[in-house]
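Spelled out from the first residue to the last, the chains are:
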Amino acid sequence: KNRGITWENCSLRTWLNVTFIDKAFTADEQKEILMAEVDNSSSQSYYNTPGGNTTQDKVFILSCAEVTYYFGSFSTLTFNFKARLEPTAYAVKQGALKSSSYATLDGRDTGSWWLRSPGNYQDRAAEVRMEGTLSYTDVDYTGNAVRPAIWVDLEADCLWNPGEKEAAAAMTVTPEDKLRTSGQK
């Protein structure tokens, strides 16, 4: 049965930071995942619903405010193609739904994915729907995929193959470079 829940007490949060992190990353990689202060205030919610206390997490899922920041503007009526997601085979095996009614930017079938923000009430959670809109659904719904987020130390040697770190550093564009190439000073 649905009940009011926040990210702080969510079973998905526990799964991400215990089971998922151990299966998805080596011990060396886990050392380079930074502890993030995860803001769960109502400012992170599309619906201004209180989201609970700030948490400390190595793995988390995005809030409504973060998904808007990283993927661009949303509304409940406008499709955001950049936010569309193809669920992995593992996610589908776990119950995530996939549809050919909408497509990702590269033409793949899409599915909806969870956000950590509450929906219009705390017994609902925000989601990015398969067409690329923000919405919400019951917290015990099992058809959504999970899109984990982490912060990593990009200087960590274990994250790079030989020569990649130096090549990436050489390709880094600074704000000054952007001004220079745009003709501004």
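So, how was this worked out
Per chain, residue numbering runs from 1 following the sequence as it is written. Given that this is a predicted model, residues contribute local features only at a pLDDT of at least 70 and side-chain atom pairs are listed and counted only at 80 or more, while totals for whole chains, interfaces and linings are drawn from all residues. Note that the side-chain values use all heavy atoms of the structure and ignore hydrogens as well as water. Strands are treated as partners if at least two bridges between them are detected by DSSP. Helix and strand assignments follow DSSP, with helices taken as H or I runs no shorter than four residues and strands as E runs no shorter than two, numbered in order from the N terminus. Axis definition: a line fitted to C-alpha atoms, limited for helices to the stretch in contact. Angles are taken between N-to-C directions and run from 0 to 180 degrees. What makes two residues a contact is simply this: any of their non-hydrogen atoms within 4.5 Å. The predictor rates its confidence in each residue with pLDDT, a number between 0 and 100. Using a 1.4 Å probe on the protein chains alone, a residue whose accessible area is under 20% of its type maximum counts as buried, one over 50% counts as exposed, and one in between counts as partly exposed. Directions drawn from the helix axis to the C-beta atoms are what define this arc.

Things to note about the sheet that holds strand β6 (residues 113–118)
Moving on, step 1. The strand order across the open sheet formed by 3 strands is β6-β7-β8, and the pairing between neighbours is antiparallel. Either end of the sheet is taken by a strand with one partner, and the two such strands are β6 and β8 (134–138). Taking the axes of each pair of neighbouring strands and ignoring which way they run, one obtains an average angle of 45° across the sheet.
Moving on, step 2. Pairing of β6 with strand β7 (residues 124–128), which is carried by 3 bridges, proceeds in the antiparallel orientation. Paired with Pro118 across the two strands is Ala125, which belongs to β7.
Moving on, step 3. Where helix α3 (residues 64–71) meets the sheet, it contacts β6, β7 and β8, and its direction lies at approximately 125° from that of β6.

A word on the confidence of the model for the protein
Moving on, step 1. Here the protein shows a mean pLDDT of 87. Residues at 70 or above account for 89%.
Moving on, step 2. Ignoring residues within four places in sequence, the model shows residues 178–185, a span with pLDDT below 50, making 2 contacts including any to other chains.

Quick notes on α3
Moving on, step 1. If you check which residues of α3 are buried, you get Cys64, Glu66, Val67 and Phe71. Around the axis of α3, the buried residues are gathered within 160° of arc, so they sit on the same side.
Moving on, step 2. Turning to α3, the residues buried within the fold contact β6, β7 and β8.

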